[in-house]
Amino acid sequence: MKTTRVGVGAWAIGGLGATFAWGPQDDDASIAAIHRAVELGVNWIDTAPIYGLGHSEEVVGAAVAALPEPDRPYIFTKCGLRWGADPTAQRVGAEASLRFEVEQSLRRLGVERIDLYQMHWPAEDGSRVEDYWPVLLDLVREGKVRAVGLSNHGVAQLEAAEGLGHVDSLQPPFSAIRREAAAEIIPWCHEHGTAVINYSPLQAGLLSGAFTSERAAALTTRDDWRGRSPDFTGDALTRNLGLAAALAPVAERHDVSVAAVAVAWTLAFPGVTGAIVGARSPGQVDGWIAAANLELTEADLDEIAAAISDTGAGEGPAHPRRTP
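Remember, it's a predicted structure, so these values are computed and weren't measured experimentally. (Residues numbered from 1 in each chain as written. Predicted model: local features only at pLDDT ≥ 70, side-chain atom pairs only at ≥ 80, totals over all residues. Heavy atoms only, no water.)

S.K.: Looking at this structure, how should I read the pairing of strand S6 (residues 114-119)?
M.R.: Note on strand geometry: in a regular strand, side chains alternate between the two faces of the sheet. Across the six residues of S6, six count as buried, placing the element largely inside the fold. Read from S6 through helix H4 (residues 129-141) to strand S7 (residues 145-151), the crossover connection turns out right-handed. (Buried < 20%, exposed > 50% of the residue type's maximum accessible area, 1.4 Å probe, protein only. Helix = DSSP H or I, 4+ residues; strand = E, 2+ residues; numbered from the N terminus. Right-handed = clockwise from strand over helix to strand, strands pointing away.)

S.K.: Looking at this model, I keep getting lost on the nonpolar core. Mind explaining?
M.R.: Core analysis: the biggest nonpolar cluster contains 90 residues, and Val-6, Tyr-117, Trp-133, Leu-150, Trp-265, Trp-288 and Leu-296 have the highest contact counts within it. In terms of residues, this core owes the most to one element, helix H10 (residues 258-267), which gives nine residues. Those residues in contact with Trp-265 that lie beyond four places of it in its chain are Phe-174, Ser-175, Ala-176, Arg-179, Leu-296, Leu-301, Ile-304, Ile-308, Pro-317 and Ala-318. In terms of nonpolar packing, the next biggest core, distinct from the first, is built from seven residues, Trp-44, Ala-147, Ile-197 and Ile-276 among them. (Core = buried A, V, L, I, M, F, W, Y, C linked by side-chain atoms within 4.5 Å. Contact = heavy atoms within 4.5 Å.)

S.K.: What should I look at first to understand the packing of helix H2 (residues 55-65) against helix H3 (residues 95-109) in this one?
M.R.: Viewed as axis vectors pointing N to C, H2 and H3 meet at an angle of 45°, and their least axial separation amounts to 7 Å. Here H2 is positioned oblique relative to H3, judged by the angle of their axes. Touching Glu-57, Glu-58, Val-60 and Gly-61 of H2 are Ser-105, Arg-108 and Leu-109, all from H3. In terms of residue class, the contact of H2 with H3 is built from two nonpolar, two polar and three charged. (Axes fitted to C-alpha atoms, helices over the stretch in contact; angles between N-to-C directions. Parallel < 35°, antiparallel > 145°, perpendicular 65-115°, else oblique. Nonpolar A, V, L, I, M, F, W, Y, C, P; charged D, E, K, R; others polar.)

S.K.: Help me out: how do you make sense of the sheet that holds strand S8 (residues 169-171) in this one?
M.R.: Two orientations exist for strands paired in a sheet by backbone hydrogen bonds: parallel and antiparallel. Spatially, eight strands are ordered S1-S2-S3-S6-S7-S8-S9-S10 in a closed barrel, and the strand pairing comes out parallel. Averaged over all pairs of adjacent strands, the angle between strand axes in this sheet comes to 30°, irrespective of strand direction. The pairing of strand S1 (residues 6-9) with strand S10 (residues 272-278) spans four bridges and is classified as parallel. The partner of Val-8 across the bridge, within S10, is Val-277. (Pairing = 2+ DSSP bridges.)

S.K.: Which parts of the structure should I look at to understand the state of the cysteines?
M.R.: In protein structure, a disulfide is the covalent linkage between the sulfur atoms of two cysteines. Across all of its chains, the model carries zero disulfides by this definition. Of all cysteine sulfurs, the one in Cys-189 lies closest to Cys-79, which takes part in no disulfide; the gap is 17 Å. Among the residues examined, Cys-79 registers a relative accessible area of 1% and is labelled buried. For Cys-189, a relative accessible area of 1% translates into the label buried. (Disulfide = S-S within 2.5 Å.)

S.K.: I'm lost on the pattern of salt bridges in this one. Help?
M.R.: Opposite charge on two side chains permits pairing when their charged atoms draw close. Considering all chains together, one arrives at 15 salt bridges under this definition. Between Arg-178 and Glu-180 there is a salt bridge whose closest N-O contact spans 4.0 Å. You can call Arg-178 partly exposed: its relative accessible area is 39%. For Glu-180, a relative accessible area of 40% translates into the label partly exposed. Taking the shortest distance from any N to any O, the salt bridge between Glu-303 and Arg-253 comes out at 2.8 Å. Taken together, the residues Glu-303 in helix H12 (residues 298-311) and Arg-253 in helix H9 (residues 248-254) connect sequence positions 50 residues apart. By relative accessible area, which is 29% here, Glu-303 ends up partly exposed. Taking the relative accessible area as the measure of exposure, Arg-253 reaches 48% and is therefore partly exposed. One salt-bridge network, held together by shared partners, links Arg-36, Glu-39 and Asp-286. (Salt bridge = Lys/Arg side-chain N within 4 Å of Asp/Glu carboxyl O.)

By themselves, these figures tell us nothing about what the structure is for.
The structure is reproduced here in structure tokens:
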């Protein structure tokens, strides 16, 4: 698959039933956001069953079905997180569970084959990566999925999986605030030909250029998971917003948004194939779409690395050319 440098993330299109709720949802606006992204050239969407307890996949399926077949984007989804009467997710890697999940995702998405199927987290039911990775490889052979990857897995798990069959992709968290993946995981993928599609490049809105301390204070812990996150309170919030403000001069030089710079920064790292960027409205897509074509200069990258150091925001390598 030849994918665009940015893709639509459907984590926030879940609804209040999700383990990580994002506040009130508007399905029509979410569908319009997906259509706007496709109109602007984006050719893939990333979702998961746990987002809204199946609702995100249903919304993505409805959005894609409404498009002419030649315009339909690739659909990426995940497995390995199960829920019951209690919506708290359980990390399950048993073969029967994964096979049940893929059938449910195919039904909700309304497709005959999933383009990329990813194990969402390492299992906690006693299943090792050596147990569940062969199941995903079998799904490729059976034609239910086109490619398979891992999400939120480390280098040791990648090594174990690669020994059984190629890991097509890895999905780690990665932003100018949360930079740990650049130390070992992304370089491993670059060396082994495993695509990296990083999630949360805007760090849940902190690097959008539109987030404020007042907005953070207004978050409720019941309706929006960010109200429980330490990134959105105290000194960490001050550092994070300081870094976002420091991206503004770079954005002005390129005549783009702060959000576009934050996303493009992650794409500057060797091995990063694409960035997953959330959107719940067409306007949000318009805010970051310029990242698809934005190439940051060495001077830009130096300036951002200095801002990371000055603000003390986050942890991990601060420059794509100076990683361990």
